[in-house]
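Residue-level listing of the chains:
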Amino acid sequence: MTSRLNRLAVAFVAMTLATLGVTVANPSPASAAMTICYNTSQAGSYASVANQAASIWNNATVNLTLSANCGSNLRIYRITGGGSYAVRTSLGNGRVYIDTQQAAQYSVLRIMTHEIGHILGLPDNYNGNCSLLMSGGSAGTSCTNPYPSSAEANRVSNLFAGTFATERSADRAGADIFRDSWPSMLTTVG
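Right, let's walk through the structure included here. (Residues numbered from 1 in each chain as written. Predicted model: local features only at pLDDT ≥ 70, side-chain atom pairs only at ≥ 80, totals over all residues. Heavy atoms only, no water.)

Every buried residue belonging to helix H5 (residues 150-159) is among Glu152, Ala153, Val156 and Ser157, and all of these are buried. All buried residues of H5 project into a common sector of 135° when viewed along the axis, lining one side. More than 90 degrees from the buried face of H5, the exposed residues found are Ser150, Ala151 and Asn158. Those residues of H5 that are buried lie in contact with helix H2 (47-60) and strand E2 (64-68). (Buried < 20%, exposed > 50% of the residue type's maximum accessible area, 1.4 Å probe, protein only. Helix = DSSP H or I, 4+ residues; strand = E, 2+ residues; numbered from the N terminus. Arc of directions from axis to C-beta. Contact = heavy atoms within 4.5 Å.)

This paragraph deals with unusual backbone geometry. One non-glycine residue with positive phi stands out, namely Asn63, at about 75°. Relative to the elements of secondary structure, Asn63 occurs in the loop between H2 and E2. One non-glycine residue, Asn69, adopts positive backbone phi at about 50°. Residue position: Asn69 is located in the loop between E2 and strand E3 (74-79).

Counting through the fold element by element, Ser135 comes out in the loop between helix H4 (108-119) and H5. Along the backbone, Ser135 and Asn125 are 10 residues apart, and their C-alpha atoms lie at a distance of 4.6 Å. The contact partners of Ser135, leaving out residues within four places of it in the chain, are Arg110, Asn125, Tyr126, Asn127, Gly128, Asn129 and Cys130. Within the structure, Ser135 has its side chain in polar contact with the side chain of Arg110 (distance 2.9 Å). (Polar contact = N/O pair within 3.5 Å; in protein donor to acceptor, adjacent residues only side chain to side chain.)

Turning our eyes to something else, we now look at the pairing of E2. Pairing geometry for strand E1 (residues 34-42) and E2, over five bridges, is parallel. Its bridge partner lying in E2, Thr35 is registered against Thr65. A crossover links E1 with its parallel partner E2, the connecting element being H2, and its sense is right-handed. (Pairing = 2+ DSSP bridges. Right-handed = clockwise from strand over helix to strand, strands pointing away.)

Turning next to H2. Relative to the 20 Å expected for 14 residues at 1.5 Å per residue, H2 spans 20 Å between its end C-alpha atoms, a close match to the ideal helical length. Burial in H2 covers these residues: Ala47, Val49, Ala50, Ala53, Ala54, Ile56, Trp57 and Asn58. (Expected span 1.5 Å × (residues − 1).)

Moving on: the state of the cysteines. Applying the stated criterion to the full structure yields two disulfides. Across the disulfide from Cys37 sits Cys70; the S-S distance is 2.0 Å. Here the S-S torsion is close to -105°, and the disulfide linking Cys37 with Cys70 is therefore left-handed. Residue Cys37 is located in strand E1, and its partner Cys70 is located in the loop between E2 and E3; the two are separated by 33 residues in the primary sequence. A residue is classified by how much of its surface remains accessible, and Cys70, at 44% relative accessible area, is partly exposed. Note on cysteine connectivity: Cys130 is disulfide-linked to Cys143, with sulfurs 2.0 Å apart. Its S-S torsion of approximately 85° makes the covalent link between Cys130 and Cys143 right-handed. (Disulfide = S-S within 2.5 Å.)

In total, this model carries two aromatic pairs according to the counting rule given. Between Tyr77 and Tyr97, the ring centres sit 5.0 Å apart and the planes meet at 15°, which makes this aromatic pair stacked. On the criterion of sequence distance, the pair formed by Tyr77 in strand E3 and Tyr97 in strand E5 (residues 93-99) is long-range, its members being 20 residues apart. A residue is classified by how much of its surface remains accessible, and Tyr77, at 22% relative accessible area, is partly exposed. Among the residues examined, Tyr97 registers a relative accessible area of 14% and is labelled buried. Seen in terms of ring centroids, Tyr85 and Tyr97 are 4.6 Å apart; in terms of plane orientation they differ by 20°. Their pairing is stacked. Placement of Tyr85 in strand E4 (residues 85-90) and of Tyr97 in strand E5 is noted, with a sequence separation of 12 residues between them. Each member of the pair Tyr85 and Tyr97 is classed as buried. One aromatic cluster is present, formed by Tyr77, Tyr85 and Tyr97 through successive ring pairs. Directly above the aromatic system of Tyr46 lies the positively charged group of Arg78, at a separation of 5.6 Å from the ring centroid. (Phe/Tyr/Trp six-rings, centres within 6.5 Å; stacked < 30°, edge-to-face > 60°. Lys NZ or Arg CZ within 6 Å of the ring centre and 35° of its normal.)

Here's what the structure looks like:
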């Protein structure tokens with residue numbers, strides 16, 4: 001806990017100094033945490049779920065902090081129909097779309113944390129294993145685990161070790177789009 005608070009304090013001081021135009025030479029990589037600002041203005045009722053998912057990632061990883069409504073590296077949208085998915089424009093930047101129809105079937109917190117995982121650099125892993133967050137909907141509707149495995153969390157931490165996404169290109173060619181992590185809604189024959 002103290003280590004995390006120290007990282008947050010160092011990140012805050014560095015951000016404040018940068019805002020004032022002061023540069024600090026050779027910051028310690030162990031204390032340099034990248035802040036990913038996520039925006040929930042279009043998330044509707046899922047804004048609190050986004051906050052829970054951010055907290056899960058913040059507690060599971062080092063080298064990054066997800067922070068609410070301080071910018072728009074990551075924008076979260078509530079949609080109806082079409083499936084939940086993520087569009088990563090670069091590491092730590094992109095958009096997450098949460099489909100209300102799928103959220104009625106699957107754990108919305110698992111969906112949110114999974115889709116944010118794509119923005120953080122993780123691919124899908126459709127192996128049906130509920131203990132792996134990136135297995136998505138292949139683990140079935142009864143799987144409600146919203147936590148990344150230690151291997152998934154370590155992968156994200158390693159991706160952000162010394163990495164600073166300096167540009168954001170909202171709709172650049174070559175964006176990574178992660179769809180079909182969650183099977184289509186069940187339909188009833190009537």
